[in-house]
Structures are given as C-alpha cells and as structure tokens.
Amino acid sequence: MESNEGECEVVETNRESERENDKPTDENPGLSFVRRHMFQRQDSNWKILRSLVNDTTLLRKYKERRKTWVQAAGHEGSFVEGNKKGTVLKKYSLQEEECYKELMQDNLMRAVPRFFQTVEIDGEKYMELCCCLSDFKNPSIMDIKMGVRTFVESEASLNKQRSDLYERMVIEDPNSTTEEENRKKSVTKLRYLDWRDERSSSRSLAFRVEGLIKDGETNKDFKSLRTQIEISNLLKSFITNAKIKRKYLERLQEIETLCMESSFFQRHQLIGTSLLFVNDDKNGNIWMIDFGKSFKADGENENMDFSRRENGYLEGLRNIISIIESILEKP
C-alpha cells in the first residue's frame with residue numbers, strides 16, 4: 001500500500017465562509033482533526049468534522065488572515081493553517097520537534113506526517129507539517145491511542161489534587177473512588193489518568209479508541225470498552241468496506257515491520273502516541289502521530305526491558321491487526 005499519500009496529521013483550516021460572530025468555547029471535544037479543506041471539498045469535510053472542532057474563533061494575530069486554532073483532546077498542541085498550500089502549523093514542542101527530526105531520518109518516516117521545518121510567527125514557534133485528508137472525500141476518521149499507559153508519570157502537574165477529575169470519575173463510575181477520595185472530593189491527575197487507562201482497553205489490549213467520525217456522526221464514548229469482542233464490534237461497524245479493510249490491514253502490517261526495523265522505535269519510550277485512521281469509499285491510510293511524550297531511553301530507561309520501554313505498542317498494534325484479520329474473514 002502506498003504510504004506517502006497525505007502524510008499528515010490535520011487538515012488545513014479556513015474561515016472564509018464562517019460567520020464572524022462565532023462564539024469561543026472552552027470545551028475540549030475529541031480528536032485532533034480538523035477544520036475544513038480547500039474550496040468545495042473542504043466545505044464537505046468541514047460539515048462532517050464540525051462537532052469535533054474546538055473553535056476559538058479568530059485569534060487576534062490571525063484575524064486578517066482568517067486563521068483558526070484547532071484544539072483536540074489527547075493532543076498537546078493546537079493547529080493553525082500553514083502559509084504554504086497543503087501544510088499545517090502545530091504549536092511548538094521541543095520534544096516533538098526532536099522526535100520529528102529523528103523520524104525524518106528513520107525508516108518510520110514512511111509512517112508519520114512529514115515534518116518540513118520549525119517556523120516563528122509573531123514571536124511564537126510552530127512546527128510545519130504536511131496536512132492530512134487532502135486525498136479523501138467525506139472521510140471517516142478514527143483515533144486509536146496506543147500503549148498500556150498514555151501518560152508520563154514524571155509530569156509535575158499529575159500530583160495536584162483536582163476536584164473536577166474526581167467529579168468525572170464519580171459520574172462515570174460512582175464506585176470508582178476510595179473513602180479518602182470521597183472525603184476530600186478530589187483526586188490527583190495521576191490517579192485519574194491511571195484509572196482511565198485501567199477501565200479502558202488500554203490495559204487489556206494495549207490500545208483504546210479515542211473517538212471516530214463516520215457518516216457525519218461523531219462518537220467519543222468508548223471509555224468503558226475493554227474486551228476484544230467489544231472492540232471488534234466497534235471496528236466492524238467503522239470499517240464496512242472490504243477493500244478498505246484490506247488496505248488498513250496491509251498498512252498496519254507495514255507499520256509493524258517498520259517499527260521492528262526502526263532505530264527510533266528501539267531507542268524511544270512511546271507514550272501517548274496515536275494511530276490515525278482515515279478513509280473514504282475508495283482509499284484508506286493510517287499514520288503514527290503525536291510524539292510530544294516520546295522520550296529517548298537514557299539513564300535508567302536505557303537499561304529498561306524493551307517490552308516495558310515500548311509501552312505495549314507492538315502488543316496493541318498486533319491486537320488491532322488480529323481484530324481486523326478476524327473481521328475480514330467474516331462477511
């Protein structure tokens with residue numbers, strides 16, 4: 001399967017046909033994709049993806065250029081339309097920049113969005129990436145978070161008590177909190193993120209579905225799916241075209257081979273990365289995205305067992321392959 005088509009993470013954004021009086025929102029909705037494309041095809045894709053976009057309206061510094069930030073759950077950065085056709089600017093992260101520079105010299109370059117350069121605009125730095133979705137019409141999209149753990153334990157913010165995260169846990173599962181947490185009515189972010197991974201398929205299958213869009217409908221309610229049967233039924237409903245199933249399977253097998261041969265993959269601990277699935281009626285592709293928490297093994301990590309260091313990535317990848325193989329065998 002061709003792996004160089006549409007090598008990107010998000011689609012270009014444009015506000016030419018949007019109303020000037022759109023209201024900003026603090027809601028952090030779902031996937032890291034996307035506002036609309038170019039011209040008429042962009043209009044179609046934007047209608048499909050509207051409900052996933054956190055539209056903060058026109059940033060002051062980009063009003064004259066009608067650029068819009070796009071912010072997505074599970075992703076560190078925000079995005080703005082690139083100056084060049086077919087590019088997107090992602091808010092700068094030193095760690096992710098270093099990863100992309102290494103990846104551009106690694107065989108995994110064939111599986112990730114193409115990184116062009118780091119640019120500075122009005123004193124702020126951005127990474128210029130190739131955009132995604134350009135080769136698709138009215139695409140279906142799925143974001144799969146990889147690994148058995150989706151957060152970096154050393155983050156200082158994880159130890160702060162959070163009442164909002166406690167409330168989320170209680171709403172989703174009233175029996176999930178301890179007596180001490182109920183007394184304090186708060187939990188640390190570390191506790192919340194660990195609980196979220198534990199109750200999802202992240203721990204049982206080494207991946208979880210973060211969200212998807214199909215036939216114009218958005219769904220992000222997959223937090224409690226844990227078993228292979230549940231995930232198999234979900235993927236079966238998402239990938240209904242036999243041709244696309246085969247394309248996805250071939251691409252996943254290619255990514256597995258690239259990972260096994262990759263020096264980047266061998267040297268890094270992959271945390272919080274995703275596989276981005278995109279398809280329309282005729283074509284489909286998958287990219288490895290989000291490397292802001294992928295740190296090179298050094299010091300204690302350098303001596304860490306590889307199976308632990310790679311965070312279950314290969315296990316999750318092989319489980320996805322196995323599930324798609326099984327649904328290919330059934331009509």
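Preceding this section is the structure that the text describes.
The paragraphs below set out a description of the structure included in this document. This one's a predicted model, so the numbers in the text were calculated from it and none came from an experiment.

Re the sheet that holds strand β14 (residues 284–289)
Line of reasoning, step 1. Reading across the sheet, the five strands line up as β11-β10-β7-β13-β14 and stay open at both edges, with antiparallel pairing between neighbours. At either margin of the open sheet sits one strand with a lone partner, and together these are β11 (217–219) and β14. Taken over all neighbouring pairs, the strand axes of this sheet differ in orientation by 15 degrees on average, direction set aside.
Line of reasoning, step 2. Alignment of strand β7 (residues 140–146) against strand β10 (residues 207–214), held across six bridges, turns out to be antiparallel. Across the sheet, residue I141 finds its bridge partner in β10, namely I213.

As for a positive patch on the surface
Line of reasoning, step 1. On the surface, a cluster of positive charge is made up of K137, K243, R246 and K282.
Line of reasoning, step 2. Note on placement: K243 falls in helix α8 (residues 242–261).
Line of reasoning, step 3. The class of K243 is partly exposed, set by a relative accessible area of 40%.

Considerations on the pattern of salt bridges
Pairing of side chains with opposite charge becomes possible as their charged atoms draw close.
Line of reasoning, step 1. Per the stated rule, a full pass over the model turns up 19 salt bridges.
Line of reasoning, step 2. Among the ionic pairs, E97 bridges to K101, the shortest N-O distance being 3.6 Å. With E97 and K101 both in helix α2 (residues 94–103), this residue pair falls four residues apart, about one helical turn.
Line of reasoning, step 3. On the basis of relative accessibility, which here comes to 47%, the residue K101 falls in the partly exposed class.
Line of reasoning, step 4. One salt bridge in this structure joins R199 and E172, with 2.9 Å as the shortest N-O distance. One end of the pair, R199, is in helix α5 (residues 189–199); the other, E172, is in helix α3 (residues 163–172), and 27 residues separate them in sequence.

Side note on α8
For an α-helix the count is 3.6 residues per turn, leaving residues at separations of three or four pointing the same way.
Line of reasoning, step 1. Between its terminal C-alpha atoms α8 stretches 29 Å, which fits the 28 Å expected from 20 residues at 1.5 Å a residue.
Line of reasoning, step 2. Listed in full, the buried residues belonging to α8 are I244, K245, Y248, L249, R251, L252, E254, I255, E256, L258 and C259.
Line of reasoning, step 3. In this structure, the buried side of α8 is in contact with α7 (228–238), α9 (263–267), β13 (274–279), β14 and α11 (313–329).
Line of reasoning, step 4. The N-cap of α8, judged by a side-chain oxygen 2.7 Å from the amide nitrogen of K243 a few residues on, is N241.

As for the nonpolar core
One recurring pattern in soluble globular proteins: nonpolar side chains tend to sit buried together.
Line of reasoning, step 1. Residues L275, F277 and M288 are the most contacted members of the largest nonpolar core, which totals 49 residues.
Line of reasoning, step 2. It is α11 that provides the largest number of residues to this core, a total of eight residues.
Line of reasoning, step 3. In this structure, M288 is in contact with L108, A111, V112, P113, I255, C259, S274, L275 and Y313, ignoring residues within four places of it in sequence.

Rules behind the numbers
Residues numbered from 1 in each chain as written. Predicted model: local features only at pLDDT ≥ 70, side-chain atom pairs only at ≥ 80, totals over all residues. Heavy atoms only, no water. Pairing = 2+ DSSP bridges. Helix = DSSP H or I, 4+ residues; strand = E, 2+ residues; numbered from the N terminus. Axes fitted to C-alpha atoms, helices over the stretch in contact; angles between N-to-C directions. Patch = residues over 30% accessible without salt bridge, like charges linked within 9 Å, V, L, I, M, F, W, Y side chains within 5 Å. Areas by Shrake-Rupley, 256 points an atom, 1.4 Å probe, with all protein chains shown as cover. Salt bridge = Lys/Arg side-chain N within 4 Å of Asp/Glu carboxyl O. Lys, Arg positive; Asp, Glu negative; His and termini not counted. Charge placed at Lys NZ, Arg CZ, Asp CG, Glu CD. Buried < 20%, exposed > 50% of the residue type's maximum accessible area, 1.4 Å probe, protein only. Expected span 1.5 Å × (residues − 1). Contact = heavy atoms within 4.5 Å. Polar contact = N/O pair within 3.5 Å; in protein donor to acceptor, adjacent residues only side chain to side chain. Core = buried A, V, L, I, M, F, W, Y, C linked by side-chain atoms within 4.5 Å.

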